[in-house]
Structure formats: C-alpha cells, structure tokens
Amino acid sequence: MSASLNAATATATAAVDPACAEPLAVLGRDVTVPLVTGGEVTYAALDYAASAPALQRVWDDVAAYAPYYGSVHRGAGYLSQLSTDLFEQSRVTVAEFLDCRPTDQVVFTRSTTDSLNLLAAVLPADCQVFVFETEHHASLLPWADARVTYLNAPRTPAEAVATLERALADRDPYGPALVCVTGASNVTGELWPVRELAAAAHAHGARIVLDAAQLAPHHPVSVQELDVDWVAFSGHKLYAPFGSGVLAGRADWLQEAEPYLAGGGASRKVARREDGGVDVEWHTTAARHEAGSPNVIGVYSIASACKALTEAGFEHLVARERHLIAKVREGLAEVPAVRILSLFGDDAPRVGVISFVVDGWNSSHFAAALSAEYGIGVRDGLFCAHPLVRTLLGSEPQAQGECGAPEAAPGERSLNAIRVSFGAGTPDEHVERFVRAVKELVADGAKWQYRTEEGRCVPAV
C-alpha cells in the first residue's frame, strides 16, 4: 500500500464506528425489481466499479442549477456568465479535491479513457511508456503510437516497484518516459504502491500518470503527497452522472502539443492567410484541449461529488467500506467452493471491489441467478482487464454450465469471473443479501432454468 494512502486512512477504524455509520444517500436506493420466482425486491446495486449511483446531493445540486443552464465561454448574457463561472469554479473545486500543485492544469474530458487518450496524444516524440499488464484497458491501450513496454503482473507491491525499477534502468536515459499505473485494481480492489512507484519513476527521469478511476471514490487522492505528474478519473465512478472526466497535472506537455480536438474554444485567434489557408493561435490554458461546447452539467456534477465526499469525510467513508469488505470476505470464506482473486494476497489493503469464481459454476450463470432470483446486480466477465483476469484464471477453465461466458469464442476455454463492488451508498442489507445468496446458490443450485441469448446468460422463459 502506498505510504501516503496508508497514513491517510490508518486511524479511520479507530475514529469511527462503521457499524453505526449511515450510507450516503444515492439515487435508486428504493427501486424495486421483479424476481423470476415471483414478487419484487429492493434492488441491490453491487456494481459500483462499473458505474456508481449518483449521490442524491449531486442530483439536487444539478437540479437547482438546471434552470440557469447556459452556454459556457460563449455569451454575454446572465445565464451564460453564470454557467461560465460555475464551470471554472468547478475546475478549482476539482483541483482542491486532488490537492493539485499551483501550476497544474485541470482538463475536463469525457471519462478516464478519454483522459488517458488525451495524455497519449500529447506525449513528446519518441516517448517511452511503461505499463503493467494488470491495468484496465483504459490505461493499457491508449499508447499504441508510443514505444510501449508491458510489464508482467507482480505478486507483491514490492515486486511491482522492483519490476518498474529494472525496466526503467534499462531504458534510453535521454528520452522522455511515462509510467502509467492504477491506484486500485478494478478486478481485485487491491491498492497499488503509488507513492513508491512515483519515486522509482522520478529517480529514473520518467513521469507517472495515476489512473484513479477506482481509487478516487474510495480514498483521498493527493497529487502532491503521491507525487504523481497526472491523475485521471471519471465522474460516473465518483457518484456523478452525465459523462465527464478529469485529467489533472503538469501543464508543459499539454501546452506544447497540438490540441486534442481542433475547434472553437481551443483557439484564441484564427485568421485567413494570403495564400488561402488559416493561421491559428491556440490557448495555452486547459481550454486548449477542451474544444467544443463543454459539458457544464457533467463538470458541475463532478465538482458537487468532490464536495460531498470531502464533507462526508474520507475517514468515515473508508471505515464504513472496510466494514463492508470484511462482511463480504468473511462470508465468502465460509463457502469452500468460492475462490477470491488476488495479486497481493488476503492481507492486501483494498477498496470495495472483490472478484471471485465458484467451483462448478460458470460465472455468467451465477451472476444471472443473483440478478433474477435475488435482485442483486453484479458484473461477470473479464472486466475490461483481460490480461489480468486471464493471468489470474489462466489455469482454471470453468465448467460450461447452462450458460457460456460471453467472451469465450467457439472452442475456447470459458474464462470469466464474478465481481461484486460497493461504496459510500451501500447499506449493510445489500452485502448481507449477497453473501446469503451466494451460500444458497452453492448449496442448493439455481431455482430457475437459464439459457444463452446474444452472448448473455438470461432466465429461460
């Protein structure tokens, strides 16, 4: 675990009684869904790692602003001016949430994927990129135009640091280099040693970008304490809807590169030349990479979520989440047929993301039964982290069962897992129902018949 993350949360359980803490209010907490066995049940949303439900606070803030919606940076009217102020103040709020350096820029994007593709687009010529095979595809795939070194999956945090140090020691010492690393795995939930990896990168003249998509909703993220050069995250993981993301960090590479998108908003001045072409003077601020009319509602929702989490207190949020993690892990440990996936071992610090397989079950079938018979929403598959999940499951083909894995091609072994994930809005009852359902399905089997339809396991009608 990163030293700074450890220090930030070490006293959480001592200061807070997690059993008494209430979850934050989120949209959908009272939604009921039908069960194939009859009746309805309150939906247990346990797929936070894909998209977390919106905080009620965020929704209320957006609703209050909506009548005043106007075009950002585009008009002299009151609503336009108000929206512009809101947009730029949101940038300040995000910078404070991330504890950015005074010279850092906060660029608003569509998502973590968009943020990392933006960074990939502004890399200096001949930049070398180092990335572990354990990354989500959002941070594994954008670097195709650079010289990429893919690092093998480490089995301890210390091994991760040593692996990176060896790779950087062998690189061309005179060219630019970038390390891309996750803060918390979207498969195992395990925290990565970000501060130590940043130190290794900087010792070898490289920069580092942190994929905080799974970290920022669960732990405080300080750009300065972690000493990362950039951080990327998505609003929809941070309890903020509307499809916005953030890339925050050093300005120089961003300022020196051509705009990510060419268009209005990115340009300061455009003039015709005598030869018929155009001359363009681009902004040097964050606007350089924010062409087009920005998603002011999405940006404001991120800022609202940042404020809400800060005001709730991460010490409270972390303590409560550890309480839920313990409930799930202890419950699953009572089922011999269940194996939890892990890189760093049972004692590794983690966020509320747990993936597992069940002996005798195809994971698609198991997830479908959780939904149809218990009203529990989880994720199954390879979680947009195919190399990592295949590394963890490579020697364990699953029984085909009644439904095949959607990723398995004809003749290919069925390799997929089940992921349960939760966070600030999860009540105890949801994880208790999940553990009970796992035990019942393993002991008694599914109550319904299932079939494969368009690659998905669904209840047979």
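Read on for an overview of the structure. (Residues numbered from 1 in each chain as written. Predicted model: local features only at pLDDT ≥ 70, side-chain atom pairs only at ≥ 80, totals over all residues. Heavy atoms only, no water.)

1. Remarks on the nonpolar core
Part 1 of the reasoning: With 82 residues, the main nonpolar core has Val94, Leu98, Leu164, Leu210, Phe233 and Val246 as its most contacted residues.
Part 2 of the reasoning: Per element, the largest residue contribution to this core is eight residues, and it comes from helix H11 (residues 296–312).
Part 3 of the reasoning: In this structure, Phe233 is in contact with Val94, Leu98, Ser111, Thr112, Ser115, Ala212, Ala213, Ala216, Leu238, Gly245, Val246 and Ile302, ignoring residues within four places of it in sequence.
Part 4 of the reasoning: Among the nonpolar cores identified, the runner-up in size contains 33 residues, and Ile354, Ala367, Ile418 and Tyr450 belong to it. (Core = buried A, V, L, I, M, F, W, Y, C linked by side-chain atoms within 4.5 Å. Buried < 20%, exposed > 50% of the residue type's maximum accessible area, 1.4 Å probe, protein only. Helix = DSSP H or I, 4+ residues; strand = E, 2+ residues; numbered from the N terminus. Contact = heavy atoms within 4.5 Å.)

2. A few points about the pairing of strand S18 (residues 450–453)
Part 1 of the reasoning: Here S18 runs beside strand S19 (residues 456–459); their pairing, made up of four bridges, is antiparallel. Bridge pairing in S19 places Glu453 opposite Arg456.
Part 2 of the reasoning: The turn joining S18 and S19, which pair antiparallel and follow one another in sequence, is formed by two residues; a positive phi near 50° is taken by Glu454. (Pairing = 2+ DSSP bridges.)

3. Re the sheet that holds strand S16 (residues 379–381)
Part 1 of the reasoning: The strand order S13-S14-S17-S16 describes an open sheet built from four strands, whose pairing is antiparallel. This sheet does not close on itself; its edge strands, each paired only once, are strand S13 (338–340) and S16. Averaged over all pairs of adjacent strands, the angle between strand axes in this sheet comes to 30°, irrespective of strand direction.
Part 2 of the reasoning: In the sheet, S16 pairs with strand S17 (residues 417–421) via three bridges, with the strands oriented antiparallel. Bridging from a neighbouring strand, Asp380 pairs with Ile418 of S17.
Part 3 of the reasoning: Its contacts with the sheet place helix H13 (residues 363–374) against strand S14 (353–358), S16 and S17, and it is angled at close to 115° to S14. (Axes fitted to C-alpha atoms, helices over the stretch in contact; angles between N-to-C directions.)

4. Some details on helix H14 (residues 386–393)
Part 1 of the reasoning: Listed in full, the buried residues belonging to H14 are Leu388, Val389, Leu392 and Leu393. Looking straight down H14, one finds its buried side chains confined to an arc of 115°; they lie on one side.
Part 2 of the reasoning: At its buried positions, H14 is contacted by S13, S14, S16 and S17. (Arc of directions from axis to C-beta.)

5. Considering the packing of helix H3 (residues 56–65) against H11
Part 1 of the reasoning: Where H3 meets H11, the axes come as close as 9 Å, and the angle between the chain directions of the two elements is 140°. Considered as vectors, H3 and H11 are oriented oblique to each other. In terms of crossing hand, the pair formed by H3 and H11 is right-handed. Contacts from Arg57, Val58, Asp61, Val62 and Tyr65 of H3 reach H11 at Val296, Ile297, Tyr300, Ser301, Ser304, Ala305, Lys307, Ala308 and Glu311.
Part 2 of the reasoning: Taken together, the residues of the contact of H3 with H11 sort by class into eight nonpolar, two polar and four charged. (Parallel < 35°, antiparallel > 145°, perpendicular 65-115°, else oblique. Left-handed = near helix turned anticlockwise from the far one by under 90°. Nonpolar A, V, L, I, M, F, W, Y, C, P; charged D, E, K, R; others polar.)

6. Some thoughts on a nonpolar patch on the surface
Part 1 of the reasoning: On the surface, Tyr68, Tyr78 and Leu79 cluster together into a nonpolar patch covering about 340 Å² of accessible area.
Part 2 of the reasoning: With respect to the secondary-structure elements, Tyr78 resides in helix H4 (residues 78–97). (Patch = residues over 30% accessible without salt bridge, like charges linked within 9 Å, V, L, I, M, F, W, Y side chains within 5 Å. Areas by Shrake-Rupley, 256 points an atom, 1.4 Å probe, with all protein chains shown as cover. Salt bridge = Lys/Arg side-chain N within 4 Å of Asp/Glu carboxyl O.)

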